[in-house]
Amino acid sequence: MTLTAPETAPSTAKNLASQAPITMLNPDFPFPYDEYLAHPAGLGSIPEELHGTEIAVVGAGMSGLVAAYELMKLGLKPVVYESSRIGGRLRAGRPEGQEGPVADLGGMRFPRSGRSFFHYADMLGIETQPFPNPLTAAAGSTVIELGGQRHYAEKTQDLPEFFHRVSAAWDDCLQERACFAEMQEANRRRDLAEIKRIWNGLVPQFDDMSFSGYLATSKAFSALPFEYREAFGQVGFGTGGWDTNFPDSFLEILRVVYVDADADQHRIMGGAQLVPERLWNHSPATAVHWPAGTSLASLHGGNTRGAVKSINRQWNGDGAPGLIAVTDRWGRTNRYPAVIATCQSWLLSARIDVDESLFSHKLWTAIERSHYMQSSKTFVVVDRPFWKDRDPVTGQEIMSTTLTDRLTRGTYLLDNGADQPALICLSYTWNDDALKWLPLDADERLRLMLHSLGKIYPGVDIASHIVGDPITVSWEDDPNFMGAFSDNLPGHYRYQERLYSHFMQEEHAPEHRGIFLAGDDVSWTGGWVDGAVTTGLNAVWGVMNQLGGTSHPDNPGPGDRYAELGPVRLP
């Protein structure tokens, strides 16, 4: 959670809780998706006469593929449309024409508390290792460099007392007003009613409060000089500096720290894109209607449909709303009783011609008001994990996982075995810091990053170890995404509640039914793949319900428990 490593964290708040694991029981809707997925009864069933019915799925990222996979298991025929390549923001890259390490340009850190995602990752035989976050055993060593002053640490005790005070202040201010220990204890007990009770009281308190505002008005930080809050923003808690999140709603931050999304993070060996690629090709052990060996790939002849050009409502002769027509970039139109749209929601107004009648005016407003984080990464492949070499004078590793107030901000070192080619994420930045890189090409980015790191490690010749060209991404510059992930600003709770609850359509006007929003930007945890998975499952329940299907009585779905666990609705 803080500057301290998980195995040595002196957090009083955490120690108050029992030792049961924390899971991603999101406080807005703490439905136990992991239990739902693991239940032997399955997710439900649809009337037999509807088996083989085509359902459109827009987007082949993790949310779209989970939705398509589960629709297939129900006996429906998902038709997946994709504008680029399978995987969405679980995208990997490597220098052109080169074998070797794969750089995760999107999602690269996966908290073990995200059990819904790991349900699929484990099913697909995905290998993971602890991610080398600052001050974890996987990192080996960490360097924090602020204001030109460098601090080297192989364990948290190596850091100056100043940083321990920063960490303690963060622990204290979480407990002070945010009921941190109580919420985590309720999570460990899987006490869904208690999670709701606590959270429903906090939402109206913090919806209009920024992260920065919460810190500034806390007893812990307001009693300390500004430098403590500044350092907290630059160094962050666990995964790097979070001052670029200071304008966010504080509710966004609580959703992360309550469920340990910032702790015990793993990386996927071979690249995160392995999960959607394997899911695309996976044949489920049990599937209704389809013969053994059927996969999403086989249903599509190996290829998704192309990018979606338009989505329009068809109208029956009596004026009643009919099927939904989806037209791809080549002009091919198919009509469906239901459509699941998992693309970034901005695309529904900015790149895809979507019939306005499909959504209410209030939902269109929520789509337009979504706020996206910018994000930039630059990787290089190096000949070996040279950073593990020891300086003969100091005995320290010659380079470390690095947090700095320089332009690079966060630098991560990804080992693939002794004497094997390895990866350096030279810079991982968000928002304003990411925009500084936007106009620069890959070579100029590399030059400036090596210059900044050279100030921190003046005797280390990083360039001499680089193999091939740099690999870089700016998600806000990709027309298929327009940003990395959603990130609510103060006052945005009502918009997110509209987007998230969209799969519950019984109260919708008839013309607004049949299209279901999903994806991590529709979830309460933008940027976390577990949110993509669970909103895909919500949409599957919505389609099943629309077609007259039902959940098994022993395994109620998210819609069946929505009245009990659904998000609080602000006036």
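Chains are numbered independently. Their residues run from 1 in the order of the written sequence. pLDDT decides what is reported in this predicted model: residues at 70 or higher carry local features, side-chain atom pairs at 80 or more are listed and counted, and totals for whole chains, interfaces and linings draw on all residues regardless. Only hydrogens and water are set aside when side-chain values are computed; all heavy atoms of the structure are taken into account.

Draft legend 1. Here's a closer look at the overall build of the protein chain. Check the secondary structure of the protein chain and you find 20 helices and 22 strands. Here the C-alpha atoms of the protein chain give a radius of gyration of 24 Å, agreeing with the 25 Å that 2.2 N^0.38 yields for 571 residues. Across its three principal directions, the C-alpha atoms of the protein chain cover 80 × 55 × 40 Å. Out of the 571 residues in the protein chain, the part that is buried amounts to 60%. Residue contacts are counted whenever heavy atoms from the two residues lie within 4.5 Å of one another. Relative to all contacts within the protein chain whose residues are 6 or more apart in sequence, the contacts with residues 24 or more apart total 73%. Per-residue and other accessible areas follow the Shrake-Rupley method at a 1.4 Å probe size, with only the shown protein chains counted as cover for residues. About 21700 Å² of surface is accessible on the protein chain, with carbon and sulfur atoms providing 49% of the total. Side-chain charges in the protein chain split into 48 positive and 70 negative, and the spacing between the mean points of these groups amounts to 1 Å. Only DSSP runs of H or I with at least four residues qualify as helices, and only runs of E with at least two residues qualify as strands; both kinds are numbered from the N terminus onward. Using C-alpha atoms as the atom set, the radius of gyration is obtained and then compared with a globule rule of 2.2 Å times the number of residues to the power 0.38. Only protein chains enter the accessibility calculation, which uses a 1.4 Å probe; a residue is then buried when its area is under 20% of its type maximum, exposed when over 50%, and partly exposed in between. His is not counted here, nor are the chain ends, while Lys and Arg score as positive and Asp and Glu score as negative. Charge coordinates come from a single atom per side chain, which is NZ of Lys, CZ of Arg, CG of Asp or CD of Glu.

Draft legend 2. Structural detail: the sheet that holds strand S13 (residues 339-341). At least two DSSP bridges between two strands are required for those strands to pair. The strand order S2-S1-S13-S22 describes an open sheet built from 4 strands, whose pairing is parallel. The open sheet has two edge strands with one neighbour each: strand S2 (77-81) and strand S22 (515-517). Between one strand and the next, the sheet's axes are offset by a mean angle of 20°, whatever the strand orientation. Direction of pairing for S13 relative to S22: parallel, over a ladder of 3 bridges. Counted as the bridge partner of Val 339 is Ile 515 from S22. Interaxial angle, 0 to 180 degrees, is taken between N-to-C directions of lines fitted to C-alpha atoms, where a helix line uses only the stretch in contact. In the packing of helix H19 (residues 529-546) onto the sheet, contacts are made with strand S1 (54-58), S13 and S22, and the angle to S22 comes to roughly 160°.

Draft legend 3. A look at unusual backbone geometry. At Leu 135, a position not held by glycine, the phi torsion is positive, near 65°. Inspection of the secondary structure assignment puts Leu 135 in the loop between strand S6 (128-130) and strand S7 (142-146). Non-glycine residue Arg 409 carries a positive phi angle of around 60°. You can see Arg 409 is positioned in the loop between strand S17 (401-404) and strand S18 (410-414).

Draft legend 4. Examining the pairing of S7 more closely. Here S7 lies mainly inside the structure; 5 of its 5 residues are buried. Side-chain alternation along S7 places Thr 142, Ile 144 and Leu 146 on one buried face and Val 143 and Glu 145 on a second face that is also buried. With 5 bridges joining them, S7 and strand S8 (residues 149-153) adopt antiparallel strand pairing. The residue of S8 that forms the bridge with Ile 144 is His 151. In textbook terms, the turn of a hairpin is the stretch between consecutive antiparallel strands, and for S7 and S8 this stretch comprises 2 residues, one of which, Gly 147, has a positive phi near 60°. In the sheet, S7 pairs with S17 via 4 bridges, with the strands oriented parallel. When the sheet's bridge partners are listed, Thr 142 is paired in S17 with Thr 401.

Draft legend 5. Local environment of the nonpolar core. By size, the foremost hydrophobic cluster in this structure holds 124 residues, and its most contacted members are Met 62, Phe 117, Trp 170 and Phe 250. Ala 56, Leu 348, Leu 358 and Ile 367 belong to the second largest nonpolar core, which has 26 residues in total. Among buried residues, the Ala, Val, Leu, Ile, Met, Phe, Trp, Tyr and Cys ones that are joined through side-chain atoms within 4.5 Å form a nonpolar core.

Draft legend 6. Fine view of the pairing of S17. Residues Thr 401 and Leu 403 of S17 are buried on one face, and the alternating residues Thr 402 and Thr 404, pointing to the opposite face, are buried as well. As judged from the 2 bridges shared by S17 and S18, these two strands associate in the antiparallel manner. In the strand pairing of S18, Thr 402 is matched with Thr 411. Taking the residues between adjacent antiparallel strands as the criterion, S17 and S18 are bridged by 5 residues, where Arg 409 takes a positive phi near 60°.

Draft legend 7. Representation of empty space enclosed by the protein in the model. Lining residues are those with an atom within 4 Å of a point, where the points come from a 1 Å grid over the protein atoms alone and group into cavities, where a 1.4 Å probe fits but cannot get out, or pockets, open sets with protein on both sides within 12 Å along at least five of seven lines. Grid points are joined across faces, edges and corners, and a volume is the space filled by probe spheres set on the points. A complete count under the given rule lists 7 cavities of 30 Å³ or more for this structure. Looking at the largest cavity, its volume works out to about 150 Å³. Along the walls of the largest cavity sit 15 residues, with Met 24, Asn 26, Thr 525, Gly 531 and Thr 534 positioned nearest its centre. No other element matches H19, which puts 3 residues into the lining of the largest cavity. Across the lining of the largest cavity, the residue classes tally to 9 nonpolar, 5 polar and 1 charged. Space inside the second largest cavity adds up to approximately 80 Å³. Taken together, 13 residues line the second largest cavity, and the ones lying closest to its centre are Gly 241, Arg 409, Gly 410, Tyr 428 and Trp 430. For the lining of the second largest cavity, the elements supplying multiple residues, two or more each, are S18 and strand S19 (422-430). Top element by residues in the lining of the second largest cavity is S19. It accounts for 3 residues. Three classes are used: nonpolar for Ala, Val, Leu, Ile, Met, Phe, Trp, Tyr, Cys and Pro, charged for Asp, Glu, Lys and Arg, and polar for all others, with Gly counted as polar.

Draft legend 8. Representation of the packing of helix H3 (residues 62-73) against helix H12 (residues 274-281) within the structure. Closest axis-to-axis distance for the H3/H12 pair is 10 Å, and the angle between their directions is 20°. When the axis of H3 is compared with that of H12, the two are roughly parallel. Two packed elements cross with a definite hand, and for H3 against H12 that hand is left-handed. Side by side, H3 and H12 meet where Met 62, Leu 65, Val 66 and Tyr 69 of the first sit next to Val 275, Pro 276, Leu 279 and Trp 280 of the second. For the contact of H3 with H12, the residue count by class is 8 nonpolar, no polar and no charged. In this scheme, roughly parallel covers angles under 35 degrees and roughly antiparallel covers those over 145, while 65 to 115 is roughly perpendicular and the rest are oblique. A crossing counts as left-handed when the near helix is turned anticlockwise from the far one by less than a right angle, and as right-handed when that turn is clockwise.

Draft legend 9. Region of interest: the packing of helix H5 (residues 161-178) against helix H6 (residues 180-189). Close contact between H5 and H6 brings their axes to 6 Å; oriented N to C, the two are set at 80°. What the angle tells us is that H5 and H6 run roughly perpendicular. Together, Leu 174, Gln 175 and Ala 178 of H5 and Phe 180, Ala 181 and Glu 182 of H6 make up the contact between the two elements. For the contact of H5 with H6, the per-class residue count stands at 4 nonpolar, 1 polar and 1 charged.

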